[in-house]
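# Structural features, examined
Single-letter residue listing:
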Amino acid sequence: MDSLPDRFDPWPPGVQPVVPTPGYPGTFTHSPAEAPIRRPAGRGQFTGPLDLDRKLPCDEMNLATPNPGRPAIGQLIHIAGRILDEDGRPVRGAVVELWQANAAGRYFHPNDTTRDAPLDPNFIGNGRVRTDAEGGFGFFTVKPGAYPVPTKEVWWRPPHVHFSVIGPASLSRLVTQMFFPGEPLNPFDHIFMAVPEAAARQRLLATALPPAEVGAGWLGFRHDIVLRGRAATPPC
Amino acid sequence: MLKPNAPLLPTPSQTIGPFFPQTFFQAGDNDLTRVSAAAAPSTRGERILLRGVVRREGGIPCVNAILEAWQADAAGRFRHPKDPECALADPDFLGWGRAWTDAAGGYEFHTLLPGGFTDAAGPRAPHIELAVMASGLMRTLFTTVFFPDFPGPNEADPVLAAVPAARRPLLLAQPDGEAAGCRAFRFDLQLRGGAETPFFVE
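Residues numbered from 1 in each chain as written. Chains lettered and ligands numbered in written order. Predicted model: local features only at pLDDT ≥ 70, side-chain atom pairs only at ≥ 80, totals over all residues.

### Notes on the interface of chain A and chain B
The cut-off we apply is this: Residues are scored as being in contact if the C-beta atoms we place from backbone atoms lie within 7 Å. For helices the rule is a DSSP run of H or I covering at least 4 residues; for strands it is a run of E covering at least 2, with both sets numbered from the N terminus onward. Three classes are used, and their members are as follows: Ala, Val, Leu, Ile, Met, Phe, Trp, Tyr, Cys and Pro are nonpolar, Asp, Glu, Lys and Arg are charged, and the others, Gly among them, are polar.
The interface of chain A with chain B comprises 67 residues on the first partner and 62 residues on the second. Of all the elements in the fold, those that place two or more residues in the side of chain A that touches chain B are helix 1 (27-30), helix 2 (43-46), strand 3 (95-100), strand 9 (174-179), helix 3 (198-202) and strand 12 (225-226) of chain A. When residues of the side of chain A that touches chain B are assigned to their parent elements, the largest contribution, four residues, is made by strand 9 of chain A. For the side of chain A that touches chain B, the residue count by class is 33 nonpolar, 19 polar and 15 charged.

In structure tokens form, the structure reads like this:
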């Protein structure tokens, strides 16, 4: 593993979401009131688990047809991308976890009980893979539906896919969400819009692939995820 | 056009939300002493239990918060190439675990008492790194658990020293009796307000 990052610059301004987040009441009861404390980064920050695939099964990439012959309801899509570091180097062996609502906007989760949108018996909606040598990953799934958040003000989450990425260092750990381009709900979403810089929000948007490139089996989306971390000596 | 060596903009954090799949967890995910579910636990060190409750403003328990622990082995080594003594690290110790909080906000990790080491920051007291993710948290929170067994090394630890003296005790796990034949320690997290847990710059 010659490509392990050993330099972690602070988050560039405008990338991390504003906290507490306007319009998202939960952040006002959960976000620390005290400013985070600056500390010297140590070995615990530059290291992380590299062989988690022994601990966490990393073989679940087909969410759309978990049962042969009984596909999930919804628009079949393939999401493919690469996990990169800030130098653009592929992060191989990263653990990528994905979870999402079904096409009706309902999660297969005991806590999603606020409305009676239907569950799909053929859709659980979570998967986990490990990136290949090029940092690549891919999932077959269905496009998630939008759903309302039970807050006082009307707030609909746009279709989105949750990603959790465990990279080569504690400081490269990332939990994020992927959004679909051109969705009318995107600019009204308090979570998406919590990211101040438009260029940084662009990072959260998948790219729709031209159908001619993908074929008639499913719609294709490309989504690269950039983890923090660089080489102390930049590549030439 | 990107300049040569210009960094890519990192992907922003977003909340883990309330629906991180419970099906992602299997028995033993919160056991740092096993490299896989089927593996035998490492015995190279003192087995301990680390447990506590995660609370938000007003002392209300956080349900379905996700905690991830990462630590050196009992001799203070990480099984990672950025540790110069990586080759000597305990091959049976994973050093990573994940737990989610129950309806009362409770979590627990099974692990070994970590060893101290010296790194670029200075002489490090034995500690466990914790990452906290939850609905209502748009950014992952990072904190560090220290142990009351090591008053001297704690005094010299540069990360503990970066915390205002009045808040340092909040980063010390408290002896919490015995459980399953090993010492238990309690580390409660208060995300906001009151005796707020010190969190570090990401």
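### Some details on the nonpolar core
Heads up, the rule is: In these notes, a nonpolar core means any group of buried Ala, Val, Leu, Ile, Met, Phe, Trp, Tyr and Cys residues linked to one another through C-beta atoms within 7 Å. Here exposure depends only on C-beta density: within 10 Å of a residue's C-beta, 20 or more other C-beta atoms make it buried, 12 or fewer make it exposed, and intermediate numbers make it partly exposed, the C-beta atoms being placed from the backbone.
Counting 94 residues, the largest nonpolar core has Ile83(A), Val96(A), Val165(A) and Val132(B) as the members making the most contacts within it. Residues contacting Ile83(A), with those up to four places away along its chain left out, are Val91(A), Ala94(A), Val96(A), Thr131(A), Gly135(A), Phe137(A), Val165(A), Ile225(A) and Leu227(A).

### With respect to the environment of Ala101(A)
Residues and elements named next belong to chain A. Along the chain, Ala-101 turns up in the loop between strand 3 and strand 4 (126-130). Expressed as a C-alpha distance, the spacing of Ala-101 and Gly-145, which sit 44 residues apart in the sequence, is 6.6 Å. The contact partners of Ala-101, leaving out residues within four places of it in the chain, are Arg-106, Tyr-107, Gly-125, Pro-144, Gly-145 and Tyr-147.

### Focus: the sheet that holds strand 9 of chain A
All names here are of chain A. As a reminder, the rule being used: In this scheme, strands are said to pair when DSSP sees at least two bridges between them.
Strand order in this open sheet of five strands is 1-4-3-8-9, and the pairing throughout is antiparallel. Because the sheet does not close on itself, it has two edges, and the strands there are strand 1 (59-60) and strand 9. Relative to strand 9, strand 8 (residues 160-166) runs antiparallel, the two sharing six bridges. Pairing of Phe-163 across the sheet is with Thr-176, part of strand 9.

### Structural notes on the environment of Ser135(B)
Mapping Ser135(B) onto the fold places it in the loop between strand 7 (127-133) and strand 8 (141-146). Classification of Ser135(B) as buried rests on a count of 21 C-beta atoms within 10 Å. When the C-alpha positions of Ser135(B) and Cys62(B) are compared, they lie 8.7 Å apart, and in sequence the two are 73 residues distant. Residue contacts for Ser135(B): discarding those within four places in its chain leaves Gly26(A), Thr15(B), Ile16(B), Gly17(B) and Pro18(B).

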